[in-house]
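If you want the building blocks of each chain, they are given just below.
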Amino acid sequence: MADREILSGTRLVVLSLPSLAFAGYDLARRVFLAPYLSGELALQVGVVGWLVLLANFASIPAELLAGSMGDHGSDRLGRRRLWMILGTALVLIGTAGLLRQGTAPSIASVAIALIALVVGWALCNVTHGAWALEAAHDSRSRGRIFGTRTLFGIAGGIGFSAIGALQVAGWPSPFTVIMITVAFGALVLHAALVTLLPDRAPAPDRWRLASLLDPLRLLFANRGNRQLAALFALNGAHAAITTTGYFYMVDNGLGLRGWAPTGILVQTICAAMGILAAIRIGASLSAHALLRLTLWANLGLALALPLLPAGSPVALILWTVPFGLTSAIDFMALRMLLGARLDAGGAPSGKRAAAHYAGFHLPFNLCGAIASGLLFAGYRTLGFDPRAALGPEQTFAPVLLVPSAAAALITLVSLIILADSPLDEPAGAPSAMRMPPETVTEQV
């Protein structure tokens, strides 16, 4: 009865709407944050690298805490509402603190604002995901929930990419415009979620300090989980490098000033098309095979990146279109594999929903943070400075070669792990890899 109630049209939309705001935040943090720090705030590239690294790392302990405590909540407010309210408050505080910085900002104040913003979104993300996981107890119902969230997330990504692509005289940076819109949207959409969606009573057992490690224990429960965690980690590193480096690649590596937001919009639209195609393909192709095909495509695109000619928008778009088409499919396939393993090991609902949802985000975010730091270390080592005037010395070596080599290496390691992975069919469990389209999980 509870499943049918939550899956009714209005409540399904209410549960999915926050994905719009999260798509904008994710785009702003991964793509536009570094140019905002080095451009509008005029911080040195070394400082920008440390701040981006801090922003990526700050979400890890927050998700660990949310994953272990998120099922307990409050007797008065319920299992999820307390954490959603707290996370939203931190989002608003962090956004205001980050955007009020002047031309000579304090690095400490920027760092504190970033931490508040990232921690707030981590709490909201885990709470939202756990709320969705326990809204249903079968793969078809969860597929309907997460599939709808995917569509809202893609729609949000396209809309916010369009905001970033607009070049209106007098407007602030894309990061500023997107974050103002995201903060207002989070306030409204999270308020609707807290007000209109039923919440369960807190978990009956008392929270213990040892529970902080519950999400980590899930990663090492068996060989299949360890290999899947490794694939999530490598996917996080690949996503961090390709998204963070895209803006610099276009502006500095190819000498196409102002084309990066347009490329991101094209990339996002193509990602939506790629997801829709993958959903249809996934009806007859295993998640293992889908992931392998996507990784091979990623490898080819990484190797082609240094060959792009400078100053050619056509070449940029011709590379961006296939990159966008495949950019979301690997993460989707990983979620399909995760869903099958969770179903085989027991439904990821009830009091452990938050721990399950947070567990595999830990290696994804951790390796994403490390990879973004290494990306900026590579930039510094090869002498790239985005504040300097565009010159021939910045056309190839650091801006194109560093992300290309890193993405190719990450993809090769992923293919090696996948070749030895028992993820296709857990022992003793019925085949769950050949999923119907509606079982596709959400894109964060």
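Every value quoted in this text rests on a predicted model; they were computed, and no experiment measured them.

Participant: Kindly report on the overall build of the protein, identifying the contributing residues and their values.
Facilitator: From N to C terminus, the protein includes 17 helices and 0 strands. For the protein, buried positions account for 60% of its 444 residues. A fraction of 85% describes how many contacts in the protein between residues 6 or more apart in sequence connect residues 24 or more apart. Counting every atom, the protein has about 17300 Å² of accessible surface; 69% of that belongs to carbon and sulfur.

Participant: I'd like a rundown of a nonpolar patch on the surface, residues and numbers included.
Facilitator: The grouping of Phe57, Leu366, Ile370 and Leu374 at the surface amounts to a nonpolar patch, some 330 Å² of accessible area in total. The biggest single contributor to the nonpolar patch is helix H16 (residues 361–381), with 3 residues. Counting through the fold element by element, Leu366 comes out in helix H16.

Participant: How would you sum up the nonpolar core? Please name residues and give values.
Facilitator: With 111 residues, the main nonpolar core has Leu37, Leu98, Trp121 and Met249 as its most contacted residues. In terms of residue count, helix H6 (residues 107–133) provides more of this core than any other element does, 14 residues in total. Looking at this core, you find at least three residues from each of domain 1 (10–200) and domain 2 (212–426). Contacts of Trp121, omitting those with residues within four sequence positions, involve Ala21, Phe22, Tyr25, Val91, Val182, Ala186 and His190.

Participant: So what's going on with the pattern of salt bridges? Which residues, and what values?
Facilitator: Here the structure, examined in full by the defined rule, presents 1 salt bridge. Put simply, Asp26 and Arg30 hold a salt bridge, and the shortest N to O gap is 2.9 Å. Of this pair, Asp26 and Arg30 both sit in helix H3 (residues 18–38), 4 residues apart, which is roughly one turn of that helix. Take Asp26 and Arg30: they sit in the same class, and that class is buried.

Participant: A description of the packing of aromatic side chains should follow, citing residues and the corresponding values.
Facilitator: One pass over the structure, following the stated rule, counts 12 aromatic pairs. Consider the rings of Trp319 and Phe323, whose centres lie 4.8 Å apart with planes at 15°: the pair is stacked. Taken together, the positions of Trp319 and Phe323, both in helix H13 (residues 313–327) and 4 residues apart, correspond to about one turn of that helix. Note on accessibility: Trp319 and Phe323 belong to one class, buried. With centroids separated by 5.8 Å and ring planes inclined at 85°, the aromatic side chains of Phe376 and Tyr379 adopt a geometry described as edge-to-face.

Scoring rules and cut-offs
- Residues numbered from 1 in each chain as written.
- Predicted model: local features only at pLDDT ≥ 70, side-chain atom pairs only at ≥ 80, totals over all residues.
- Heavy atoms only, no water.
- Helix = DSSP H or I, 4+ residues; strand = E, 2+ residues; numbered from the N terminus.
- Buried < 20%, exposed > 50% of the residue type's maximum accessible area, 1.4 Å probe, protein only.
- Contact = heavy atoms within 4.5 Å.
- Areas by Shrake-Rupley, 256 points an atom, 1.4 Å probe, with all protein chains shown as cover.
- Patch = residues over 30% accessible without salt bridge, like charges linked within 9 Å, V, L, I, M, F, W, Y side chains within 5 Å.
- Salt bridge = Lys/Arg side-chain N within 4 Å of Asp/Glu carboxyl O.
- Core = buried A, V, L, I, M, F, W, Y, C linked by side-chain atoms within 4.5 Å.
- Domains from an automatic or database assignment.
- Phe/Tyr/Trp six-rings, centres within 6.5 Å; stacked < 30°, edge-to-face > 60°.

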